[in-house]
Structure formats: structure tokens, C-alpha cells
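# Fold and contact review
What follows is the residue order along each chain.
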Number of protein chains: 2
Amino acid sequence: MSHTFLNACAMQPTDHTPIWLMRQAGRYQPEYRALREKFSFVELCKRSDLAAEVTLLPVQQMDVDAAILFADILLILEPLGAPFHFTPDDGPRVNQPIRTAAQVDALATDGLRMGGGSAASGSARDGSADDGSAGVRGLDYVLETLRLTRAALPKEKALIGFAGAPFTLASYLIEGGGSKHYAHAKRFMWEDPSRWHALMERISDATITYLLAQLHAGADAVQLFDSWVGVLSEQDYRTFVFPHTQKIFAALPEGVPAIQFGTGNPLLYPAMFEAARRDKGTVMGFDWRVDLRQWADKFPSVAVQGNLDPVAILSGQGVMRAQATRILESMRGRPGHIFNLGHGIMPNMQVDDVRALVDHVHSFQ
Amino acid sequence: MSHTFLNACAMQPTDHTPIWLMRQAGRYQPEYRALREKFSFVELCKRSDLAAEVTLLPVQQMDVDAAILFADILLILEPLGAPFHFTPDDGPRVNQPIRTAAQVDALATDGLRMGGGSAASGSARDGSADDGSAGVRGLDYVLETLRLTRAALPKEKALIGFAGAPFTLASYLIEGGGSKHYAHAKRFMWEDPSRWHALMERISDATITYLLAQLHAGADAVQLFDSWVGVLSEQDYRTFVFPHTQKIFAALPEGVPAIQFGTGNPLLYPAMFEAARRDKGTVMGFDWRVDLRQWADKFPSVAVQGNLDPVAILSGQGVMRAQATRILESMRGRPGHIFNLGHGIMPNMQVDDVRALVDHVHSFQ
């Protein structure tokens, strides 16, 4: 059976344009909201059976071509040594925001690696012996979610794992939560570059272990979410972020699809592409600020993903379909196109509208 | 006496790089905070004597090369027919957000023009006969602030007037206040382009009258603030914004410095430049996401402004000076450089740090 998403990632022809949507499992779904009445967000992530159920929902309901792990980019902070909590209004808050070199030094240095004999090793998808990447300290529930999802997911559907990118996670750690100006994070970065790089290294090492473990547990592809990187100039990106992102992509197995996602400053895409570039498997994700075909032609060797302004889904199905058609038409004849939004689905969207988008993309000829 | 700011705008050599700072009059100043204990923000804008005092403060205290009118981009909404108020937490809210064509039709159509015999006409700076642009219905207090400021301002210092750009004001009108995703504004724009253009036209016509009146009242230059335009793609900018911005710049007198400012999506700058281009007088403002020299070289015929990341002022004077120096060094030999931030000064900045930045730029050789 044809595996549309993976074929598109590999620049192979597909019988339709594959589509999945960032945050396709979430508050816009009544089934998800019902679960959230009984469980907190973190509880839901940690209950692998429920997290797998949530992960599978969009595939079952809307026939998207890939499921994306239901989890949060912040989950890694706990085993990294920087626990967080949710406040009723403000969203997640890091218990002790990182502002000193001593706090950086106190973070985990071992990339979250668990030794052999992990409880998770026996159930790895391919049944191979534990190679040390089968478990991730404190995040086994995520791997279990992937295993459960993969077991239930139709073979022709892909399963995407993910992690937060180092800059976005570092900003979270330093700011302590969401931010408008990233003043603490930027000061931390500019004031003492070696302290910054030490922090980025701890995060990157942990992220590498985490992503490899996700692949081992059944993910077919991974995405690195650098949702906040757009507040940087290209020069700052190259100095403070590039080497760490590059290290992560270089550590991923050749040919395994790995999606580089960022939003907010399209001038960063060339550097982000360089950082993510591997001989095979890199996919570039774009937000809605760019002309997708123009940028796909700048990076002719890799598959591209994204681009529909999420607000299109809130603008009536006529507008939404017209914008989707424009993207699809513009990408005609260009292999390696994965349809997605420029950023995530919002809680106030309607399931019917999202489904109509998926159907529209699937029926496009 | 040399007029550094205006000379730089005209691409003429200057003995130092002129500097002014967006939001250089504001909450970071103790004198301003003292006034705000007695007057609301809008009261302060409407009391021309106090607004002039606030406008002059940064020149007196820090010797910046230009004063910028103390006012708010939203003041124009009241005479346009869409009054707003301030809420304690949320900032400004439009009383009745605009969501229908009927509401657009109900807005002022006359570009806020007052007929001859305006109360303001006699006090225009050059004493010329009233040409119809000397008054602006409902905004005479702004013009009076400019007249009072110009009278007190040293001749070698420039006075900058300003207005909000049509997209930013339209978004405000439609969203009703600040926004994260601009979902209402984008839907309004995509769903019915003619309704959108009608709204943009009312705003643009009013803005033209307003800016011409500001120049008549003593402003030496004007800036158009498109602070929110960065949420658009280039295609949407060209379709929905470009013609209106172009109309405004085309209506300004040849040679009068007019600064085109936007932030958030640097891919828009080429189209923004095209929209603002006149034979003489256009200045391009940039945020911190770009390499200023690189972009100055893309637009060799015009002066450029901006670029320092505002957060640099919160990062210690060593970091701040190093970043300012990097920009100044990179611009060496390129006439038409006005030093500024990539966006505005923040309330939690220290006057001493801001003054140190001004001194640093002034002493750069």
C-alpha cells in the first residue's frame, strides 16, 4: 500500500498530496475536550493509552495522512531538571526560570539516556536488542504512546514524533513561560555566549536522545518545532542557534524524514535549511509569510511542508478552499509537497471546516 | 546650523549619525510617569501644552536629533467615527469593532477635512493662507501640540509627525483591540475584498489629510507606523495594502521625509519600499530581523532607519554598545543612516541606558 506521506518526504510521486495539520489533536475536537474535563493536559500526556487515543483521532475522523504524537514540547524539561507547572490563566510556567550559569550546570548532562535493560527495550517496534536509545529517562510514557499508536495506526499512515527546538526550549527555560519580547532570553544569549551555548548543548543532547528513542519506538518521521525562533535576526540565528540545530539533524539516521519547522522570520529559512540539511530525509516547513513554490524552488532537493494561513480555516469554507487551491496549483509538478498549515490549528476552529480542508486537498487533481 | 536628521533623510553627509528612538517619550521616564499619575493617556494627548512638554523631553534630556509628536495612532479613530476607550488591563478597545459593510459605510468619508476658516489656520507655521489642510476635524489638539513643540524646539532638531498605517488601523478597527492571530481582520479582508478596500480607503483618505495637516502645523517629517503588517504574506500585502499605502506616500509633498515603518515580516520590505517610493524624501525603516547594510544596499536611493533590537537596551551597556557599534560600522560610507531601534522603547528600560545609547551613537567616529 502506498505510503503517501513518506513518499512525499522522499520526493517520490504520490497519488494525492498528503496532508496533516499541526495541532490536529486538540481543543477544537469535542472528544478531546471531553477527555480534558477528566484529565489535566499533563495527565493526558502521561496516560499513554489516552494519549494514543488522542493521537489517532484525526486519522480516524478525517483521514489525514499522518498522525502526530500527542505530547508537548515542554515535557522534556522535567527530566532535564527544570520542572514546570500549568497556571490556570497563563499556561505553562517553569518552576525556576534559568538565569545563571550555575542553573545551567545543574541540568542533566547525559542527554536523558537510560542504560541498557530499559523497561521499554523489549517492546521496541522492530524487536531489536536494546541499543541504549530505546528508553529516555522520565519520558517512557511518550515512547509508550508511540508504540500504542503505531500498533493501532493503519500501515499506510505515518506516525510523526517531535521535539521542541533548542532555541524555543531555551527561551522557555529562561523566560519561565511565554514572552512577548524575549528580553531575558536574548540578554542571557548576548551577555555570556558560553553560558548560552552550554544551555543549548544540554538541551540538544537531550533532544537527540529523545528523538532517536521516538524513532526507535515507532515514529516514522520527526519534526523539530522552533516556534519562537522568528524573534531572532539571521546573524543571531547563525551564531547562537545554528550549530545546535545542525547537531540534532546530523544525529538523525540518514533518510528518516526530519522536518525543520520555524515561523516568524522568513529570512531565517536559508540558514535553517543549511542547519537541517542531510543527504536524504530533510523536510522544510514554512509558515504563511512565504510563497511556498518560490521557496520550494530555492531548496529543490528537499520536500516542503506547511504554508496555509491557519486563519483561512476561520474564514469560511469558500475562502479556505480558494487559498488551499492556490497553494496546490502553485506546487503542481513539484514533487515533495506535504500540505499543512503555517502554524497550528486553533481551539475555536470547527471540526467540519478542518475536515473539509482535508477532503479538499485529497480530492485535488 | 546643520540639521543632522533632515540631512540624513536627504542622503546628505552629516557630522554624526542622527538618532531618535521610537517611543522615546513614555513610561520609562520618571517625568512622564509623574504626569500620568495626574492625567490619563488620552487626556495627556489632548492637553497640547503637556503633550508638547512630553514631546520635547527626550531632546532636552538626551539630545536626540529629532522629537516625535507625543500622540497615539488610534486618535484618528474618533473623528473617523469609531471611538475607542482604554480598559485597565487590556489597553485600547474600539467601542464597536467593525465587522460589516454597513459599519464601513458609516465612517467619515471626507478625509477628516475641515473647510476654510479653521480655527487652526491662523497659527500655521509659515503663516500662509489656509489651504484647507491646516485643520483636521477633531484632531486640532494634535496640530496645536506640533505648533507648540516646533516653537520650543531648537532649530537644528527635527520634529516628526506620524500616523498609523491603514493595515494596522484597519486591524485595530476590526479586531477591536490587540490581537494574536488577526483572525477577524484577515477574514474581513479575504471574505469581501471590496468591503476591505472601502475601509482602507476611508482610513487612507483621513490619514492623508491628517499627515498634510501635521506638516502644515510644523512637522518636518512624518512616519507611517505599520506595526502589525508583518502578519501578512507578501501576496496579501500587495493585494490588500499596497495601493492604499502608495496613495498616502504619493500624496505627501515631494522631498518631505516620509518614513515607511513595518516590523514582523522582512520579506515585505521590497513591496513596502515600492509603495513608499517617491522621487525624493522616502526613508525606509527596518526592524532588527534584517542586516541593515544589506538592505540599505538593496535600496541605495533612500535613507534607512532602525534596526537595533530594543532588547539590547535591557542587556547591559556593554552588550548594547557592541550591537550599536556593529550597526554603525556596517553603515560606514553609506549616506542616509538614521539610528533607531527596530521597534519602540519599553517601559522597563532605564533612562541612563537610553541616554548612554544616544551618547554612544553621537560619539561614534
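Residues numbered from 1 in each chain as written. Chains lettered and ligands numbered in written order. Predicted model: local features only at pLDDT ≥ 70, side-chain atom pairs only at ≥ 80, totals over all residues. Heavy atoms only, no water.

Moving on to the sheet that holds strand 5 (residues 221-226) of chain B. Residue and element names in this part refer to chain B. The sheet built from seven strands is open, its strands ordered 1-4-5-6-7-8-9 with parallel pairing. The open sheet has two free edges, formed respectively by strand 1 (66-68) and strand 9 (337-341), since each of these has just one partner strand. For this sheet the average axis-to-axis angle between neighbouring strands, irrespective of direction, equals 25 degrees. In terms of strand pairing, strand 1 meets strand 4 (residues 158-164) through three bridges, oriented parallel. Bridging across to strand 4, Ile68 finds its partner in Ile160. Along the sheet, helix 10 (residues 193-216) makes contact with strand 4 and strand 5, crossing strand 4 at roughly 170 degrees. (Pairing = 2+ DSSP bridges. Helix = DSSP H or I, 4+ residues; strand = E, 2+ residues; numbered from the N terminus. Axes fitted to C-alpha atoms, helices over the stretch in contact; angles between N-to-C directions. Contact = heavy atoms within 4.5 Å.)

A separate point is the interface of chain A and chain B. The interface of chain A with chain B comprises 31 residues on the first partner and 31 residues on the second. In total, chain A and chain B occlude about 2,500 Å² of area from one another, counting both sides; carbon and sulfur atoms represent 57% of this. Of all residues in chain A, the largest losses of buried area upon contact with chain B belong to Trp190, Leu267 and Arg289 of chain A, amounting jointly to 24% of the total for that side. Applying the counting criterion to the chain A and chain B interface returns two salt bridges. Between Asp309 of chain A and Lys186 of chain B there is a salt bridge, and its shortest N-O distance comes to 2.6 Å. (Buried area = accessible area lost by both parts, 1.4 Å probe. Salt bridge = Lys/Arg side-chain N within 4 Å of Asp/Glu carboxyl O.)

The next point concerns the relation of the copies chain A and chain B. Of the transformation superimposing chain A on chain B, the axial component is 0.0 Å and the angular component is 180 degrees, with the fit at an RMSD of 0.0 Å. Considering both components of the superposition, the chain copies are consistent with a two-fold axis. Residues of chain A ranked by C-alpha distance from the rotation axis are headed by Asn265 of chain A, positioned 3.0 Å from it. Most of the interface of chain A is mirrored in chain B: 100% of its interface residues are interface residues there too. (Least-squares fit on C-alpha atoms with pLDDT ≥ 70 in both.)

Moving on to empty space enclosed by the protein. Residue and element names in this part refer to chain B. Scanning all chains against the criterion turns up one cavity of 30 Å³ or more. The calculated volume of the largest cavity comes to roughly 30 Å³. What lines the largest cavity is simply Leu211, Val222, Gln223, Leu224, Ile248, Phe249, Leu252, Ala258 and Ile259. The set of elements that each furnish at least two residues to the lining of the largest cavity consists of strand 5, helix 11 (234-251) and strand 6 (258-262). A per-element tally of the lining of the largest cavity places strand 5 first, with three residues. Here the lining of the largest cavity is composed, by residue class, of eight nonpolar, one polar and no charged. (1 Å grid on protein atoms, 1.4 Å probe; cavity = no way out; pocket = protein on both sides within 12 Å on 5 of 7 lines; lining within 4 Å. Points joined across faces, edges and corners; volume = space filled by probe spheres on them. Nonpolar A, V, L, I, M, F, W, Y, C, P; charged D, E, K, R; others polar.)

Bringing helix 11 of chain B into the picture now. Each α-helix winds once per 3.6 residues, and so residues spaced three or four apart point in a common direction. Residue and element names in this part refer to chain B. Helix length check: helix 11 (18 residues) gives 24 Å between terminal C-alpha atoms against 26 Å at 1.5 Å per residue, within 8%. Of the residues making up helix 11, those classed as buried are Asp236, Tyr237, Phe240, Val241, Phe242, His244, Thr245, Ile248 and Phe249. Taken together, the buried residues of helix 11 touch helix 8 (166-175), helix 9 (183-191), helix 10, strand 5, strand 6 and helix 12 (269-276). (Expected span 1.5 Å × (residues − 1). Buried < 20%, exposed > 50% of the residue type's maximum accessible area, 1.4 Å probe, protein only.)

All names here are of chain B. Residue placement: Asp359 occurs in helix 15 (residues 351-363). Residue classification places Asp359 among the partly exposed residues on the basis of a relative accessible area of 43%. When the C-alpha positions of Asp359 and Met22 are compared, they lie 16 Å apart, and in sequence the two are 337 residues distant.

Right, let's get into the confidence of the model for chain A. Residues and elements named next belong to chain A. Chain-level pLDDT for chain A is 94 on average; 94% of the residues reach the 70-or-more range. Low pLDDT, under 50, characterises residues 116-133; the predicted model gives this stretch 28 contacts beyond four residues in sequence or across chains. Of the two predicted TM-score estimates for the complex, the pTM is 0.94 and the ipTM is 0.93. (pLDDT = per-residue confidence, 0-100.)

Looking now at the packing of aromatic side chains. For the coordinates displayed, the defined rule picks out 30 aromatic pairs over all chains. Ring centres of Tyr32 of chain B and Phe70 of chain B lie 5.6 Å apart, and the angle between their planes is 65 degrees; on these two criteria the pair is classed as edge-to-face. With a gap of 38 residues between them, Tyr32 of chain B in helix 2 (residues 30-38) and Phe70 of chain B in the loop between strand 1 and helix 5 (77-80) connect regions that are remote in the sequence. For Phe70 of chain B, a relative accessible area of 6% corresponds to the buried category. Plain terms: the ring middles of Tyr172 of chain B and Trp228 of chain B are 4.7 Å apart, the flat faces sit at 20 degrees to each other, and that makes the pair stacked. One end of the pair, Tyr172 of chain B, is in helix 8; the other, Trp228 of chain B, is in the loop between strand 5 and helix 11, and 56 residues separate them in sequence. Here Trp228 of chain B falls in the buried class, since its relative accessible area comes to 17%. Every member of this aromatic cluster is reached through a ring pair, and the members are Tyr32, Phe41, Phe70, Phe84 and Phe86 of chain A. The positively charged end of Lys298 of chain B is found above the aromatic ring belonging to Trp295 of chain B, 4.6 Å away from the centroid. (Phe/Tyr/Trp six-rings, centres within 6.5 Å; stacked < 30°, edge-to-face > 60°. Lys NZ or Arg CZ within 6 Å of the ring centre and 35° of its normal.)

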